[in-house]
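Descriptive analysis of the structure
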Amino acid sequence: MSIPDEMAAIEIVHRCLGERPIAARRFDNGIQHYVYEVSFTHRASLVIRMTVPEQRQAMVGAKFLSAKLRPLGVPLPEIVSSGVEDRFPWLLLERLSGTDIGDVLGDLSNDAIDRVAMGVANAQRCVSSIEGEGRFGYAIHPRMRRIAVGTK
């Protein structure tokens, strides 16, 4: 089985934007998708999130949830473009500033951790306001049953 790699990331972004990235660097964190920061000479970096065909519906669900949650104030990156029907389903996203919390959590002050927790609680409050079936767990659409999340 082939998987999305750096070259796939560069080719998809080039096809989408008409500009070839100068580099693609895979993020070390995450458990399900293949996520790369793509950098350019004359524009801000972007992020491409790709997955395997078997996880296509998870990418469709991410696009759906982003459209529901961003207007409510949940701090998600803007989707620049998408190709959920491509060989490797993908979302091209703005690159949010900062470092993954998993990389800095041990260095944060108690006040900073409290601010992060408040942000997470606010996001959860927004999520709880959208329609759903009242279940816990991950689903690709609020009316669907929970699904198992694959690993990379």
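Thresholds applied
- Residues numbered from 1 in each chain as written.
- Predicted model: local features only at pLDDT ≥ 70, side-chain atom pairs only at ≥ 80, totals over all residues.
- Heavy atoms only, no water.
- Salt bridge = Lys/Arg side-chain N within 4 Å of Asp/Glu carboxyl O.
- Helix = DSSP H or I, 4+ residues; strand = E, 2+ residues; numbered from the N terminus.
- Core = buried A, V, L, I, M, F, W, Y, C linked by side-chain atoms within 4.5 Å.
- Buried < 20%, exposed > 50% of the residue type's maximum accessible area, 1.4 Å probe, protein only.
- Contact = heavy atoms within 4.5 Å.
- pLDDT = per-residue confidence, 0-100.
- Polar contact = N/O pair within 3.5 Å; in protein donor to acceptor, adjacent residues only side chain to side chain.

1. Considering the pattern of salt bridges
By the definition in use, this model includes five salt bridges. With a shortest N-O distance of 3.3 Å, Arg 43 and Glu 19 are connected by a salt bridge. Highlighted residues: Arg 43 in the loop between strand 2 (34–39) and strand 3 (46–50) and Glu 19 in the loop between helix 1 (6–17) and strand 1 (23–26), separated in sequence by 24 residues. Salt bridges here are not isolated pairs; linked through shared partners, they connect Arg 25, Glu 37 and Arg 95.

2. Remarks on the nonpolar core
If you look at the biggest cluster of nonpolar residues, it comprises 17 residues, and the most contacted ones within it are Tyr 36, Val 38, Ile 48 and Met 50. Going through the elements one at a time, helix 1, strand 2, strand 3 and strand 5 (90–94) are the ones with two or more residues in this core. No other element matches helix 1, which puts five residues into this core. Filtering out sequence-adjacent residues up to four positions away, Tyr 36 remains in contact with Pro 4, Asp 5, Glu 6, Ala 9, Ala 24, Arg 25, Arg 26, Phe 27, Leu 46, Val 47, Ile 48 and Met 50. Membership of the second largest hydrophobic core comes to seven residues, among which are Val 47, Ala 62, Val 84 and Leu 93.

3. Quick look at the confidence of the model for the protein
When pLDDT is averaged along the protein, the result is 87; 86% of the residues meet or exceed 70. Between residues 146–152, whose pLDDT stays under 50, and residues either more than four places distant or in other chains, the model counts 19 contacts.

4. Here we look at the side chain of Glu 37
Its location among the elements puts Glu 37 in strand 2. Among the polar contacts made by the side chain of Glu 37, one reaches the side chain of Arg 95 at a distance of 3.1 Å. Excluding anything up to four places from it in sequence, Glu 37 contacts Ala 23, Ala 24, Arg 25, Phe 27, Ser 45, Leu 46, Val 47 and Arg 95.

5. Notes on the environment of His 14
Locating His 14 in the fold gives a position in helix 1. Not counting residues within four places of it along the chain, the set of residues in contact with His 14 comprises Glu 19, Arg 20 and Pro 21.

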